[in-house]
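Geometric and topological summary
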Amino acid sequence: MEPTEQLAVILPTIIDLVDRIEADQLGHPTPCADFDVQGVLDHMIGLGSTFVPAFLGEPVSDVAAHDDTPPTADGQVPAAAFRSVMTSLLAAVESPGAMDRMIDAPFGTVPGSVFARFVAFDGLIHGWDLATATGQAYNLPSDVVAEVSAFAREALSADMRDGDTFAAEVPAPAGADELSALVAFSGRELAVPAEVRS
């Protein structure tokens, strides 16, 4: 499965999930230790905006040229901005030459096809963060999860587990499904934060 196919499933799924987030959930903790719900959204919007020119072969300094995201009022869910950025990102990934273009990623220069797989992995995990923190179902096709998992287990090196980019792998419970096993592999605890359960 091509990374474009993976992202064509993952990104719309997360967009729909974000559309269902309530404003009073923005401060909920997530399984991502560094971010609450608002933080994950800001992180994904910021990185997504940066990735658009990268996939288009433009300097990252041209991020502003692609910034047509609608404004979000303080205390409101940035659903429209999130949708705008993720839609632009998917279009950039699917643009001619994007998969063959060499991209300066945080971990080195790689072909667009490889970087897109990292984006799919990162997006899938952050989608799980948001779903878990807001009590939503997170249903992705098993073949998509399996493809992302196979890539992640091959590509995620020990030096990437710096506690910032990725944490150390945690054990998945016996009988865990593919998504739960991948989440544990990424360094996430599968337990839901107490503040979310209440």
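Below or above, wherever it landed, is the structure these notes cover.

Calculation criteria
Residues numbered from 1 in each chain as written. Predicted model: local features only at pLDDT ≥ 70, side-chain atom pairs only at ≥ 80, totals over all residues. Heavy atoms only, no water. Helix = DSSP H or I, 4+ residues; strand = E, 2+ residues; numbered from the N terminus. Buried < 20%, exposed > 50% of the residue type's maximum accessible area, 1.4 Å probe, protein only. Contact = heavy atoms within 4.5 Å. Areas by Shrake-Rupley, 256 points an atom, 1.4 Å probe, with all protein chains shown as cover. Axes fitted to C-alpha atoms, helices over the stretch in contact; angles between N-to-C directions. Parallel < 35°, antiparallel > 145°, perpendicular 65-115°, else oblique. Left-handed = near helix turned anticlockwise from the far one by under 90°. Nonpolar A, V, L, I, M, F, W, Y, C, P; charged D, E, K, R; others polar. Polar contact = N/O pair within 3.5 Å; in protein donor to acceptor, adjacent residues only side chain to side chain. Core = buried A, V, L, I, M, F, W, Y, C linked by side-chain atoms within 4.5 Å.

This next bit is on the overall build of the protein. Tallying secondary structure elements over the protein gives seven helices and two strands in all. Reading the protein from its N terminus to its C terminus gives the helix and strand order α-α-α-β-β-α-α-α-α. Residues classed as buried in the protein amount to 45% of the 198 residues present. Taking all contacts inside the protein whose residues are at least 6 apart in sequence as the whole, residues at least 24 apart take part in 69%. Just so you have it, the protein exposes about 9,300 Å², and 52% of that area is on carbon and sulfur atoms.

On to the packing of helix 4 (residues 112-134) against helix 5 (residues 142-155). Interhelical geometry of helix 4 versus helix 5 gives an angle of 110° and a closest axis separation of 10 Å. Between helix 4 and helix 5, the angle falls in the class roughly perpendicular. The element helix 4 and its partner helix 5 pack so that their crossing is left-handed. Along the contact surface, helix 4 presents Val114, Arg117, Phe118, Ala120, Phe121 and Leu124, while helix 5 presents Val145, Glu147, Val148, Phe151, Ala152 and Ala155. Across the contact of helix 4 with helix 5, the residue classes tally to ten nonpolar, no polar and two charged.

Relative to the elements of secondary structure, Ser186 occurs in the loop between helix 6 (178-185) and helix 7 (194-197). Polar side-chain contacts of Ser186 include one of 2.6 Å to the backbone oxygen of Val183. Residues contacting Ser186, with those up to four places away along its chain left out, are Phe121, Ile125, Arg161, Phe166 and Ala167.

Relative to the assigned elements, Gly127 resides in helix 4. Residue Gly127 is classed as buried on the basis of its relative accessible area, which comes to 0%. It is 7.9 Å that separates the C-alpha atoms of Gly127 and Leu17, two residues lying 110 residues apart in sequence. Contacts of Gly127, omitting those with residues within four sequence positions, involve Ile14, Leu17 and Tyr138.

Another point: the environment of Ala172. Mapped onto the fold, Ala172 is located in the loop between helix 5 and helix 6. On the accessibility criterion, Ala172 (35% relative accessible area) is partly exposed. Setting aside anything within four residues of it in sequence, one finds Ala172 in contact with Ala181 and Ala184.

The next point concerns the packing of helix 1 (residues 3-19) against helix 4. Two elements in contact, helix 1 and helix 4, have axes separated by 9 Å at closest approach and are oriented at 25°. When the axis of helix 1 is compared with that of helix 4, the two are roughly parallel. In this structure, helix 1 crosses over helix 4, and the sense of that crossing is left-handed. Each of Pro3, Gln6, Leu7, Ile10, Ile14, Leu17 and Val18 in helix 1 lies in contact with helix 4, whose residues at this interface are Ser113, Ala116, Arg117, Val119, Ala120, Gly123, Leu124, Gly127, Leu130, Ala131 and Thr134. The residue makeup of the contact of helix 1 with helix 4, split by class, is twelve nonpolar, five polar and one charged.

The biggest cluster of nonpolar side chains holds 59 residues, and the ones touching the most others in it are Val18, Phe55, Phe82, Leu89, Leu124, Leu130 and Tyr138. Elements represented by at least two residues in this core include exactly helix 1, helix 2 (37-56), helix 3 (79-93), strand 1 (102-105), helix 4, helix 5 and helix 6. Among the elements that line this core, the one with the most residues is helix 4, at twelve residues. Discounting chain neighbours no more than four positions away, the residues touching Phe82 are Ile14, Ile15, Val18, Leu41, Met44 and Ile45.

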